[in-house]
Amino acid sequence: MDEAIRAFITFLRVEQGASAETMRNYASDLRQLGGFLVSSRLAERPLDPAALSSDSVRAYLQWLDRKGEKRTSLARKLASIRSFYRYLTRQGLVNRNPVEDLRTPKQPKHLPRVLTKDDADALMTFPNGRTTGSLRDRALLETLYSTGARVSELVAINVDDVRQSEGLVRLQGKGRKERIVPIGDLALDAIQSYRASLSRPVSRFTSQALFYNSRGGRLTTRSVARIVARYSSRLAGGSVSPHTLRHSFATHLLDEGADLRAIQEMLGHASLSTTQKYTHVATDQLLAVYDKAHPRAGRTTANRTAKDGKR
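Starting afresh in each chain, residues are numbered from 1 along the sequence in its written order. Reporting of local features is limited, given that this is a predicted model, to residues whose pLDDT is at least 70; pairs of side-chain atoms are given and counted only at 80 or more, and all residues count toward the totals for whole chains, interfaces and linings. Side-chain measures here rest on the full set of heavy atoms in the structure, leaving out hydrogens and waters.

Caption draft 1: Focus on the packing of helix 6 (residues 132–147) against helix 10 (residues 242–255). Relative to each other, helix 6 and helix 10 sit at 40°, their axes nearing to 7 Å. Classified by the angle between their axes, helix 6 and helix 10 sit oblique to one another. Residues Leu141, Leu144, Tyr145, Ser146 and Thr147 of helix 6 form the contact with helix 10, whose own contacting residues are Pro242, Leu245, Ser248, Phe249 and His252. Helix axes are fitted to C-alpha atoms over the stretch in contact, other axes to C-alpha atoms as well, and angles between N-to-C directions run from 0 to 180 degrees. Here a helix means four or more residues in a row that DSSP labels H or I, a strand means two or more in a row labelled E, and each is numbered from the N terminus. Geometric relationships in this document are graded by angle, where less than 35 degrees denotes roughly parallel, more than 145 denotes roughly antiparallel, 65 to 115 denotes roughly perpendicular, and other angles denote oblique. Throughout, a contact is declared for two residues whenever any of their heavy atoms are within 4.5 Å.

Below you can see the structure in the form of structure tokens.
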């Protein structure tokens, strides 16, 4: 099993161009499955991937459910196992996929959290110092909100990816797919101020990176998440993740009349259905404004939501 997992992770890295975080998640999920099978005496070491049954996977998912794992986590772990066995089947290492007929746990429908435009504007101003750290934080917040980039895409940006004169930036998305997206003047100005403040030498291995950490290395996704959480904790609604800025980017564009397919291209979504969730966010915000402002609205947003939820 361990050898098969290593081969699968190598396949993800070399053939699929998977990110380091994706590979860590796959490896962790598959090793957790192996640990469960041994500890529950459903299998013995060394584990044989060909011996895994669908009943064993069901028992594993039920165990995770009893532990209180979220449905989204259960779905991801099942997807990891399913991808692993598709790979093994294609390689001729197993004759069947034991999870092929297992259904993905039903997911609760949650609309993404979105900042108001005022909160988004306020967040951009919180890093107001003139130190390199403050200028960097301002630049990365502006870039996230201006481009709708995923945090993994943000940290992968190189200096040459920013086309200052054209107002464009190149992002490397999932599966190493590249796309060119617009970037606003405020973000470009913030980047320019940050880069001008750099004085200390940086590692030759990361000399092309746009954003650096305090040691001169490329900024990591975890560091960006901590930076966003720290500044956004000052907002009335509490701290948010970098992905909230991506959601806010899309929703605010839609509010201002941007075409849904154009937003899809900028976000790098393979399917328009993925982008369409932002129409629901925009509609909810519109209803909230109406219910609050119109003298004859007649019912609150909460009551409207409760009623709609019963349908």
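Now, onward.
Caption draft 2: Representation of the pairing of strand 2 (residues 168–172) in the model. Side chains Val169 and Leu171 of strand 2 all project onto a buried face; the interleaved residues Leu168, Arg170 and Gln172 project onto a face where none is buried. Two strands qualify as a pair provided DSSP detects at least 2 bridges between them. Between strand 1 (residues 162–163) and strand 2, which pair antiparallel in sequence order, lie four residues; one of them, Gly167, sits at a positive phi of approximately 70°. Examined bridge by bridge, strand 2 and strand 3 (residues 178–182) share five bridges and lie antiparallel to one another. Bridge assignment links Val169 to a residue of strand 3, and that residue is Val181. Accessibility here uses a 1.4 Å probe with only protein chains present; expressed as a share of the type maximum, an area under 20% marks a residue as buried, one over 50% as exposed, and anything in between as partly exposed.

Caption draft 3: Up close: the sheet that holds strand 2. Overall, antiparallel pairing links the three strands, which are arranged 1-2-3 in an open sheet. On the outer flanks of this sheet lie strand 1 and strand 3, each paired with one strand and no other. Bridge count between strand 1 and strand 2: two bridges; the pairing is antiparallel. Directly across from Val162, in strand 2, lies its bridge partner Val169.

Caption draft 4: Main features of the packing of helix 1 (residues 2–14) against helix 4 (residues 71–90). Running from N to C, helix 1 and helix 4 cross one another at 95°; their axes reach a closest spacing of 10 Å. As summarised for this structure, helix 1 and helix 4 are arranged roughly perpendicular, according to the angle between their axes. Where helix 1 approaches helix 4, its residues Ala4, Ile5, Ala7, Phe8 and Phe11 are matched on the opposing element by Ser83, Phe84, Tyr87, Leu88 and Arg90. When grouped by side-chain class, the residues that make up the contact of helix 1 with helix 4 number eight nonpolar, one polar and one charged. Residues are grouped as follows: Ala, Val, Leu, Ile, Met, Phe, Trp, Tyr, Cys and Pro are nonpolar; Asp, Glu, Lys and Arg are charged; every other residue, Gly included, is polar.

Caption draft 5: Main features of the pattern of salt bridges. Within this document, salt bridges are pairs made up of a side-chain nitrogen of Lys or Arg and a carboxyl oxygen of Asp or Glu, the two lying within 4 Å of each other. All chains considered together, the criterion is met by 10 salt bridges. Across the pair Arg76 and Asp29 runs a salt bridge, and its minimum N-O distance is 2.7 Å. Residue Arg76 is located in helix 4, and its partner Asp29 is located in helix 2 (residues 20–39); the two are separated by 47 residues in the primary sequence. According to the relative accessible area criterion, Asp29 is buried, its value standing at 0%. The partner of Asp29 in a salt bridge is Lys77, and the shortest N-O contact between them spans 3.2 Å. Placement of Asp29 in helix 2 and of Lys77 in helix 4 is noted, with a sequence separation of 48 residues between them. By relative accessible area, Lys77 is classed as buried at 6%.

Caption draft 6: Highlighting the packing of aromatic side chains. Side-chain rings of Phe, Tyr and Trp (the six-membered ring for Trp) are treated as a pair once their centres are within 6.5 Å; stacked means planes under 30 degrees apart, edge-to-face means over 60, and tilted covers the remaining angles. A complete count under the given rule lists nine aromatic pairs for this structure. Ring geometry for Phe8 and Tyr87: centres 5.5 Å apart, planes at 45°, overall tilted. Of this pair, Phe8 sits in helix 1 while Tyr87 sits in helix 4, placing them 79 residues apart in sequence. What makes Phe8 buried here is its relative accessible area of 1%. Ring centres 5.9 Å apart and planes at 20° place the aromatic pair Tyr194 and Phe211 in the stacked group. Of this pair, Tyr194 sits in helix 8 (residues 185–197) while Phe211 sits in the loop between helix 8 and helix 9 (221–232), placing them 17 residues apart in sequence. For Phe211, a relative accessible area of 2% corresponds to the buried category.

Caption draft 7: How the structure looks around helix 8. What a helix is expected to span follows from its residue count: subtract one and scale by 1.5 Å. For helix 8, with 13 residues, the first-to-last C-alpha span of 18 Å sits near the 18 Å given by 1.5 Å per residue. For helix 8, the set of buried residues is Ala187, Leu188, Ala190, Ile191, Tyr194 and Ser197. Structurally, helix 8 contributes buried residues whose contacts are with helix 6 and strand 1.

Read these as geometric descriptors, not functional statements.
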